[in-house]
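An overview of the molecular structure
So you can see what is in the structure, the chains are spelled out below.
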Amino acid sequence: FFFLMIRRPPRSTLSSSSAASDVYKRQVNGHAALIYPPSRNANDRFLPGFTGGQSLSTSCNCGDSTNGCPQGIRASGGGQPCLWFSQGCSIGCDTCTGIGSHTNVSLCNSSMLPTLPTWAWTMNLGAQPGSHQDTYRFNPWRAPGSAPVTDACGTAGGTSPSQRGPGDAIYADTPFATMGDRGSKVLAPAPSGVIWSAGQKVEVWWGIRFNHGGGYQYRLCPAHAPLTEECFQKLPLEFVRDQQQLQWNNGTTLSINGTFVDTGTLPTGSTWARNPIPRIDFDSTSSGPVSYTHLTLPTKRIV
């Protein structure tokens, strides 16, 4: 099992200390989790059954849920942080349906058109925009920030038990949360001890577990404010664009050039970053094999 973590240092523009703020990564179309600083979504990593990369359902940072695997620097991403997400969300809609996965049909009959330029796509790269084969055109990453969420801190398993279906996750109930719980309502603050100051360049890591392409941005919400999408949309962070790296589990790093989009995003003018880890399988019948010759990895792969 080959696992990479992405180090993304966002630059804070707050006028006061952000040490007491909640960090929010708007990951659109994929299962990933903050590794550093750890999020409250990873509170269950200390529970029996979740240590050492094990899991009671689907591990977020290990390919072997039963036996676990060496944790290295990704230990703070243990538990189930990658299983907090929103299911059934299309661009231009007011709410998520909680049902369904990838679809080429708007889930609310929205007339909104995608805003993401083709050079920033990660999936279905061979499709003509707007064609029948453009099967991801209503997915959240095609208009970053324009799709709704069920909860700013995610929903356990992506949806409620009554709406389970294609694309949902097998979330193992714990004393902290059960399938369908809203993160902002049930997850207690989990101070990491990391302190950020206004204007400082800081380092953040996130890790992919199930790669569906897409991209993300970082936002902050003051700890004293309600954890809502509206609150997080007020404080998007800028990226330090020339300091992006892939990171292996033993700490080995590889500097890369990130891909960033500033137009067609919400909040207006905020920066969205493309997921730099390519899919290695077929996107759809329209895509065929995709070559990522621009991404050079070290000769020796560390597992």
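Figured I'd write up the structure that's included with this text. This structure is a prediction, so every number in the text was calculated from the model and none was measured.

In terms of regular secondary structure, the chain is built from 2 helices and 14 strands. Expressed as a percentage of the 303 residues in the chain, the buried residues total 52%. At a minimum sequence separation of 6, the contacts of the chain that also span at least 24 residues come to 71%. Counting every atom, the chain has about 13,500 Å² of accessible surface; 53% of that belongs to carbon and sulfur.

Before going further, it helps to examine the packing of aromatic side chains. For the coordinates displayed, the defined rule picks out 8 aromatic pairs. Ring centres 5.4 Å apart and planes at 40° place the aromatic pair Tyr-36 and Trp-205 in the tilted group. In this pair, Tyr-36 sits in strand 4 (residues 31-36) while Trp-205 sits in strand 7 (residues 205-210), placing the two residues 169 residues apart along the sequence. By relative accessible area, Trp-205 is classed as buried at 15%.

With that settled, the discussion passes to the sheet that holds strand 8 (residues 215-216). Pairing between the strands of a sheet is mediated by backbone hydrogen bonds and can be parallel or antiparallel. Read across the open sheet, the 3 strands follow the order 8-14-13; overall the sheet is antiparallel. Each having just a single partner strand, strand 8 and strand 13 (260-261) make up the two edges of the open sheet. Two elements, strand 8 and strand 14 (residues 272-274), share 2 bridges in a ladder whose sense is antiparallel. Of the residues in strand 14, the one forming a bridge with Tyr-216 is Ala-273.

Criteria and thresholds
- Residues numbered from 1 in each chain as written.
- Predicted model: local features only at pLDDT ≥ 70, side-chain atom pairs only at ≥ 80, totals over all residues.
- Heavy atoms only, no water.
- Helix = DSSP H or I, 4+ residues; strand = E, 2+ residues; numbered from the N terminus.
- Buried < 20%, exposed > 50% of the residue type's maximum accessible area, 1.4 Å probe, protein only.
- Contact = heavy atoms within 4.5 Å.
- Areas by Shrake-Rupley, 256 points an atom, 1.4 Å probe, with all protein chains shown as cover.
- Phe/Tyr/Trp six-rings, centres within 6.5 Å; stacked < 30°, edge-to-face > 60°.
- Pairing = 2+ DSSP bridges.

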